[in-house]
Amino acid sequence: MNASFPILSALVLLPILGAILITVISNKHLEYVKLIAMIFSVGVGGMSIWLLASFQSDDSGFQFVSQHDWVTSWGISWHLGVDGVSLFLVVLTGILFPLVILGIDPHHDHKRYLAWLLLLEAGVMGSFLSLDLFLFFIFFEIVLVPMYFLIGGWGYDKRVYAATKFFLYTMLGSAFMLVGIIATAVLARRDIGYLTFDLVTLTEQASFATNTGRWLFVSFAIAFAVKVPIFPLHTWLPDAHTQAPTGGSVILAGVLLKMGTYGFLRFGLYLFPEAAVWAKPVLLTLAVIGIIYGAIAATMQTDLKRLVAYSSVAHLGFIVLGIFAITSQSLTGSVMQMVNHGISTGALFLLVGMIYERRHTREIAELRGIQSVAPIFSAAFMIVMLSSIGVPGLNGFAGEFLILIGSFQSARWWTIVAATGVILAALYLLWAYQRVFHGEPDEANSTFAELTLREGALLAVFIGIIGFTGIYPKPMLERIEPSIDKLMEHVVSHSDYKAPTTPEVKTPETTKVEGH
Amino acid sequence: MLELVWLIPALPLAGFLLILLFGRILGEPGAGILATLMTASSFLVVVGVYFDLLSRTAEERHHVVTLFSWLPVGSLQVDMALLADPLSITMALFVTGIGSLIHLYSIGYMHGDPKFSKFFLYLNLFVFSMLMLVLGENLLVTFLGWEGVGACSYFLISFWHTRDSAATAGKKAFVTNRVGDWGMMVAMFLAFSAVGTLSYAGINAAAEGGKLAAVTATGIAMMLFVGACGKSAQLPLYIWLPDAMEGPTPVSALIHAATMVTSGVFLLTRMAPVLHASYPWAGDVIATVGALTALFAATIAVAQTDIKKVLAYSTVSQLGFMFLAIGSGAYVAAIFHMVTHAFFKALLFLGSGSVIHGMHHEQDMRKMGALRKLMPITGFTFIIGWLAIAGIPPFAGFWSKDEVLLYAFANNRLLWLIGVITALLTAYYMTRQVIMVFFGEARWNDHAEENGAHGDHTPHESPWTMVTPLVILAGLSIVGGAMQLPFSKSTHFLEHWLEPVIHHSEVSISGTWAYSNKWLLLALAILIAVSGVVAAIAVYAKGKFKIIEPKILADAWRYDSAVSAIVGGPGRAAFGGVATFDAKVVDGAVNGIGSEVRAASGLLRKMQSGLVRSYAFVIGLGAVVLLAWFLLRGIL
């Protein structure tokens, strides 16, 4: 692939092409359907890894930019680009989809299921890559459709209620954003001279009156807050997660929620820095409430999948904390944690799905003593759980620690409270683990099947990433940080925010001795 | 040799990985032998590094090996780096040394367990984590080890996880420790914002150079102490340690007596300059908590009937002594007592394990007695451990405990008095234990049948793999005191060795009344220890006095049960309240608004899913039309 190959456009459009191909193939050729889904998802995954490999880590700006006029009369353009903020989210999307497609079979109707999944992938990719507000909105909305049908069509007993709730809730949030987007473009016209939805142009050339900027920010923030979700707008999430099919849950936790936190970075801090700094105390407070509240609610869940869903509320709280603490470490940690949470919680949903496949229940009270019967399965669950708890050496810690140590510099008391979330995380997960895996297995659980080769291979990918990122996060951090530093500068120069500084370190004299 | 410091943790890590991959093939005893060899090789490397350090001048005994850059973001630069200096190597010596012995012992103890290789998998992972903890060049590498040993402790306490009590104890240990971990994390945040680094050298240099404000230093020290209270089982967080006895006995010896629980003492010693730069009351807090914990746990130990529970509360109590020393500014005494305690407490735990093994898994001391004849080596070595912990000269514990009390006297006479009473109780309850287990009449015959024992239920001596470590540890418990003898400055070997690490922070007591009259205090200490022993003999062997074991002490002052009652009662109810609030109020509002809107717009019947479905189709269709339009315009 050479430099002129429009790789970002391909990342967005190939899954759509795959979805269309699947739709036109007859239901009789199921193997072709699977083959096409595999080729397209693996192909997109491969391209995302190629993107990672050829990403210039020292370049803080947008790379692989693809920009074309689209609806010129409205100032809408096809503008895609990737930087350190979006890079790993794109890669995560590229990796998760083929894993879900290869690793989990739907119970019926492969054809439509796979078509929806590929369309979903296109929407997510488009959301992370769009540098045009209108284009972003289209992708942000497209995502709702396949997700709605995936939950409603392949979910569990209360799937219709959950899908409807998910759809209406996020739709309502987006309505605010649509108004915000149009207002932004229209109001910015005075400064720029023409109508445009281009993010970079708007950011660089538009200047809003303080109050206007704040109102516009709020309209975006509502949409993102629903998507993250931020307390108290979170109640769609436990229902959607619990009722979605396993693949849907993995994608929902893995990448869909990150569209909200990513949105805060890209269309909050970047587009409305002054307003974002203004809203900082409110969002920090909501984030900390989410961390504690989500963890407490998770502790008391009786449904294992619902427990994991509530843990997401807590984990996403950490990410929001890091974003609105606005320090180099906290922002970098947040971007990293978006990926880490996708891996860890994605894997937890996979494991819970495997439990459901075997036992046809997610009720914690129905499960018992699985470690005696399926030790490898239990070990896999344990590793993923420890990553979610934030044990150092695994990925979850690296992100969470960066968020906390960074946030402490600018939001000391919020951070001290937020850090108690690590105690609660241990509580709800270990308690659940004890009830499900420890103890003497009763009759129903004594035939719990060990991991199959395919399940093992699938989990090995997740656990490999968990281990590598935890021990050696540097390659990831050095690709994220330049863009974060640039964003920090942008915020500082466009608001009265003073970035906290730490003292210069004078390396004390250490006696270096040569070995024998 | 110094360049090979990385090998010290790498060898047990390699053992862990090998057993992870080939554990089933290695089986018994292969996995155990491999794990033992790895830890022993690590010990040999530590010895090499020790002699290398010894051959250098005091200023040169500090060597950093940076493996790679771990968490580099902006001004935060954390390396995966190891530090070899007198403190870390002292810790590494007894971690790997005692660790090897306990590995060897476990080959015998875990014989026949279906999860034999898994036990050694965790054990090697533990040794690796513990070594990262002590060898870390900065707080974060130490924290990696700190959490690692916590996780291993969790795995090993709940090793027999089909037993509910074991599973609960493991969870309790992890969660309680996490409370401490919160403190340690906040300490790291404070240190980073004040100094801009997490490396010990950087933070300590700032503290010694007066660049750390007293208020910040106090904050860091107190938060580290919160962490230490968790890991080292001090009031009010000690409650997990007695329960941790649910784990196999070698685990109690290694993790919950000799090594992991001393992490807090190590950490505060490592950060001694920060403590030194704090307000004076910070030291007082630490010394007071230590002294109170020491006394509190000792009173409980007096009335326990489970052979391991006595030792568990004794460990909590002895750790209290170490914090009493730290708070008094006596870091050398703290480390000294830590090392001797590691010898004799590992010995006592392994001895109790041998008894439990020989008694066919009986842990109740009331069903023991007269075992010294049937288990001569175990009995003999256990008696040496008893003399050491009771503070009888010339055994190791006498010297180190005396050193702690000497500094406590110079610092605060009330705390010294608490320490002395604790020493008396220690001699008393340990004598009680020795009499109940090894002397008196054999009470195990009465219970053999009700325990369902058939055939040969006579207690027996343990195999050589278990007895050898006992003999070696007994030897160390005899001579261990020689590393720091009070006779003259030149016999303060440990103090000279540790000087480069703590010389700025160690309190000087020369010239105080205590120092001038140290022989008097020493004589008093002997008197106290002997009184404790004599009193227990009078009560338990001779029957001259009535046994006093109040229920409240047997119930550990009901502190633990009160905590459990609060957590399980109001705590759980509050959590449940939040969950209900979420379902009924937060989500209820959403659903309420939803149905209001539906009712108001008269769409109630059509609404449920039909409209959303068509709406979804419209959006989907719209998207397709938009994209088609885009494709037609030929922009790719």
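Note that the structure is a prediction, hence the values are computed from the model and not measured.

Considerations on the overall build of chain A
A count of helices and strands for chain A gives 22 helices and 2 strands. Against the 2.2 N^0.38 benchmark of 24 Å for 516 residues, chain A shows a C-alpha radius of gyration of 23 Å, consistent with a compact globule. With the principal axes as the frame, chain A shows a C-alpha extent of 70 × 70 × 55 Å. When the 516 residues of chain A are sorted by exposure, 63% land in the buried category. Partitioning the intrachain contacts of chain A with sequence separation of at least 6 by distance along the chain shows that 80% fall at a separation of at least 24.

Description of the overall build of chain B
When its secondary structure is counted, chain B shows 26 helices and 2 strands. A globule of 636 residues ought to have a C-alpha radius of gyration of about 26 Å, and chain B, at 28 Å, matches this closely. The principal-axis extents of the C-alpha atoms in chain B amount to approximately 95 × 65 × 50 Å. The buried share among the 636 residues of chain B stands at 58%. Long-range contacts, defined here as pairs at least 24 residues apart, represent 81% of the contacts in chain B between residues at least 6 apart.

Some points on the packing of helix α5 (residues 164-195) of chain B against helix α7 (residues 214-231) of chain B
Residues and elements named next belong to chain B. Viewed as axis vectors pointing N to C, α5 and α7 meet at an angle of 160 degrees, and their least axial separation amounts to 7 Å. Accordingly, the angle class assigned to the pair α5 and α7 is roughly antiparallel. Every pair of crossing elements has a handedness; the one defined by α5 and α7 is left-handed. Counting all contacts with α5, which are made through T176, N177, V179, G180, D181, G183, M184, V186, A187, L190, A191 and A194, the residues of α7 involved are T216, G219, I220, M223, L224, V226, G227, C229, G230 and K231. The residue inventory of the contact of α5 with α7, partitioned by class, reads 12 nonpolar, 8 polar and 2 charged.

Section: helix α21 (residues 453-471) of chain A
Residue and element names in this part refer to chain A. Given a rise of 1.5 Å per residue, 19 residues ought to cover 27 Å, and the 26 Å separating the end C-alpha atoms of α21 matches this to within 8%. Among all positions of α21, only E455, L458, L459, F462, I465, I466, T469 and G470 are buried. Of the surrounding elements, those touching the buried residues of α21 are α3 (84-103), α15 (328-359), α17 (375-389), α18 (395-410) and α22 (474-493).

Remarks on helix α6 (residues 200-208) of chain B
Residue and element names in this part refer to chain B. By the burial criterion, the buried members of α6 are Y200, I203, N204, A205, A206 and A207. Looking at the packing, one finds that the buried side of α6 touches β2 (76-84), α5, α7, α10 (263-270) and α11 (272-276). Of the residues flanking the end of α6, it is G210, one or two places downstream, whose phi is positive at about 75 degrees.

Observations concerning the confidence of the model for chain A
As a note on interpretation, predicted positions should not be read in detail where pLDDT is low. On average, residues of chain A carry a pLDDT of 92, and 97% of them reach 70 or more. Segment residues 510-516 of chain A: pLDDT under 50, and 15 contacts once partners within four positions in sequence are set aside and those in other chains are kept.

Observations concerning the interface of chain B and chain A
Residue-level contacts link 67 residues of chain B with 69 residues of chain A. Looking at the side of chain B that touches chain A, the elements that each hand over two or more residues are β1 (63-73), α4 (139-157), α5, α6, α25 (559-600) and α26 (604-632) of chain B. Element by element, the count of residues in the side of chain B that touches chain A is highest for α5(B), at 17 residues. Across the side of chain B that touches chain A, the residue classes break down as 39 nonpolar, 17 polar and 11 charged.

So, unusual backbone geometry
Along the chain, A:F231 connects to A:P232 via a cis peptide bond; the corresponding omega equals 0 degrees. Checked against the element boundaries, A:P232 lands in the loop between α9 (210-227) and α10 (236-243). B:P29 follows B:E28 through a cis peptide bond whose omega is 0 degrees. Its location among the elements puts B:P29 in helix α1 (residues 7-54). For A:I326, which is not a glycine, the phi torsion comes out positive at approximately 50 degrees. Following the sequence through the fold, A:I326 ends up in the loop between α14 (304-325) and α15.

Comments concerning the packing of α3(A) against α15(A)
A pair of packed helices is captured by two measures, namely the crossing angle of their axes and the spacing between those axes. All names here are of chain A. Running from N to C, α3 and α15 point in directions that differ by 15 degrees, and their axes come no closer than 8 Å. Between α3 and α15, the interaxial angle falls into the category roughly parallel. Once α3 is placed against α15, the crossing between them reads as right-handed. The segment α3 lies against α15, with V85, F88, L89, L92 and L96 engaging V335, M338, V339, G342 and G346.

Details of the domain arrangement of chain B
Per the domain assignment, the segments making up chain B are domain 1 (279-447 + 525-553), domain 2 (555-586) and domain 3 (596-636). In this structure, domain 1 of chain B and domain 2 of chain B have C-alpha centres spaced 35 Å apart.

Focus on the nonpolar core
Residues A:L321, B:M188, B:A191, B:L224 and B:A346 are the most contacted members of the largest nonpolar core, which totals 439 residues. The leading source of residues in this core is α5(B), at 18 residues. Discounting residues that sit within four places of it in the chain, B:M188 has contacts with A:I405, B:L139, B:L140 and B:L198.

What to know about the confidence of the model for chain B
Residue and element names in this part refer to chain B. Put simply, chain B has an average pLDDT of 90, and 92% of its residues get 70 or more. Confidence drops under pLDDT 50 across residues 603-607; counting only partners more than four residues distant or on other chains, this segment forms 6 contacts. The complex model carries a pTM of 0.93, and its ipTM stands at 0.93.

Some details on the pairing of β2(B)
Residues and elements named next belong to chain B. Across the 9 residues of β2, 8 count as buried, placing the element largely inside the fold. Two elements, β1 and β2, share 9 bridges in a ladder whose sense is antiparallel. Residue V65 lies in a different strand from β2, and its bridge partner there is L82. Where β1 folds back onto β2 in an antiparallel hairpin, the turn is made up of 2 residues, including G74, whose phi is positive at roughly 55 degrees.

Here we look at the environment of B:L485
Residues and elements named next belong to chain B. Along the chain, L485 turns up in the loop between α20 (464-479) and α21 (493-502). Put simply, L485 and A301 are 184 residues apart on the chain and 29 Å apart in space, counted from C-alpha to C-alpha. If sequence neighbours within four positions are ignored, L485 has contacts with W399 and T491.

Side note on the environment of A:P281
All names here are of chain A. For P281, the location among the structural elements is in helix α13 (residues 273-299). Its 12 C-beta neighbours within 10 Å are what place P281 among the exposed residues. Taking the C-alpha atoms as reference points, P281 and L99, 182 residues apart in sequence, are found 39 Å from one another.

Topic: the environment of B:F94
Residues and elements named next belong to chain B. Note that F94 resides in helix α2 (residues 86-109). Given 23 C-beta atoms within a 10 Å radius, F94 is considered buried. In this structure the C-alpha to C-alpha distance between F94 and V46, which are 48 residues apart in sequence, comes to 9.6 Å. In contact with F94, not counting residues within four places along its chain, are V339 and A342.

Criteria and thresholds
Residues numbered from 1 in each chain as written. Chains lettered and ligands numbered in written order. Predicted model: local features only at pLDDT ≥ 70, side-chain atom pairs only at ≥ 80, totals over all residues. Helix = DSSP H or I, 4+ residues; strand = E, 2+ residues; numbered from the N terminus. Rg over C-alpha atoms; globule rule 2.2 N^0.38 Å. Buried ≥ 20, exposed ≤ 12 C-beta atoms within 10 Å, placed from the backbone. Contact = placed C-beta atoms within 7 Å. Axes fitted to C-alpha atoms, helices over the stretch in contact; angles between N-to-C directions. Parallel < 35°, antiparallel > 145°, perpendicular 65-115°, else oblique. Left-handed = near helix turned anticlockwise from the far one by under 90°. Nonpolar A, V, L, I, M, F, W, Y, C, P; charged D, E, K, R; others polar. Expected span 1.5 Å × (residues − 1). pLDDT = per-residue confidence, 0-100. Domains from an automatic or database assignment. Core = buried A, V, L, I, M, F, W, Y, C linked by C-beta atoms within 7 Å. Pairing = 2+ DSSP bridges.

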